[in-house]
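Per-entry structural report
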Amino acid sequence: MTSSTRQNISSGSAYEPLLGYSRAVRVGNQVFVSGTTAGSPDGPVGGADAAAQAREVFARIETALSAAGATFADVVRTRVYLTDIADFDAVGAVHGEIFGEIRPSIVILAVAALAADDLLVEIELDAILGA
């Protein structure tokens, strides 16, 4: 892939064409993963458990990274949005399970709301292949 080649990666979400975005975009050796939740038509995967939602989010992100030719080892920055800062430790522990040795930069923020009331966690990240 040349540095000027763009690869849009879809999750198949109906919102992607509606809102005009991709789950992830790879340009050259950089991958940018959109804010990802555990949402599903039947409610969030993981129910009302923020750590379980975070595990599902990371599984979805891993699929997007793989489609871009990347892995968690390539991740250089994560951004975690929580609807309740009390979930900081639980979600942070899930982040640590994945990135303990990789140690990307991180920000964890509490926000007023996500796209649906039952979503507790949204995560986005950036990766650089070969970094």
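Within each chain, residue numbers correspond to sequence positions counted from 1 in written order. Totals for whole chains, interfaces and linings use all residues, but because this is a predicted model, local features are given only for residues with pLDDT of at least 70 and pairs of side-chain atoms are given and counted only at 80 or more. Calculation of side-chain values draws on the structure's entire complement of heavy atoms; hydrogens and water are dropped beforehand.

Our focus in this paragraph is the nonpolar core. We call a set of buried residues a nonpolar core when its members are Ala, Val, Leu, Ile, Met, Phe, Trp, Tyr or Cys and they connect through side-chain atoms within 4.5 Å of each other. Exposure classes here rest on a 1.4 Å probe applied to the protein chains alone. A residue is buried below 20% of its type maximum, exposed above 50%, and partly exposed in between. With 28 residues, the main nonpolar core has Val31, Ile61, Leu65 and Val121 as its most contacted residues. Counting residues per element, the ones that place at least two in this core are strand E3 (30-36), helix H2 (50-67), strand E4 (75-82), helix H3 (88-99) and strand E6 (121-128). A helix here means a DSSP run of H or I that spans at least four residues, while a strand means a run of E at least two residues long, and both kinds are numbered starting from the N terminus. No other element matches the 8 residues that H2 contributes to this core. Contacts are assigned to residue pairs with any non-hydrogen atoms lying within 4.5 Å of each other. Those residues within four positions of Ile61 in sequence are excluded, and the remaining contacts are Val33, Thr36, Phe72, Ile123 and Leu125.

All right, on to a nonpolar patch on the surface then. Only residues whose relative accessible area exceeds 30% and that form no salt bridge enter a patch; like-charged residues are grouped when within 9 Å of one another, and nonpolar side chains (Val, Leu, Ile, Met, Phe, Trp, Tyr) when within 5 Å. Accessibility throughout is a Shrake-Rupley quantity obtained with a 1.4 Å probe, and a residue counts as covered only by protein chains that appear here. Think of a salt bridge as a Lys or Arg side-chain nitrogen and an Asp or Glu carboxyl oxygen that are within 4 Å of each other. The grouping of Tyr15, Leu18 and Leu19 at the surface amounts to a nonpolar patch, some 390 Å² of accessible area in total. Here Leu19 lies in helix H1 (residues 15-19).

This part is about the sheet that holds strand E5 (residues 105-110). Two strands are counted as paired when DSSP detects at least two bridges linking them. What the 6 strands build is an open sheet, ordered E1-E2-E3-E6-E4-E5; its pairing is mixed. Because the sheet does not close on itself, it has two edges, and the strands there are strand E1 (6-9) and E5. In this sheet, neighbouring strand axes are inclined to one another by 10° on average, regardless of whether the strands run parallel or antiparallel. Bridge count between E4 and E6: 7 bridges; the pairing is antiparallel. When the bridges of E6 are listed, Thr78 appears paired with Leu125. The strands touched by H2 are E1, strand E2 (24-27), E3, E4 and E6; relative to E6, the strand with the most contacts, the crossing angle is about 30°. Axis definition: a line fit to C-alpha positions, over the contact stretch in the case of helices; interaxial angles, taken between N-to-C directions, run 0 to 180 degrees.

Geometry only, nothing functional implied.
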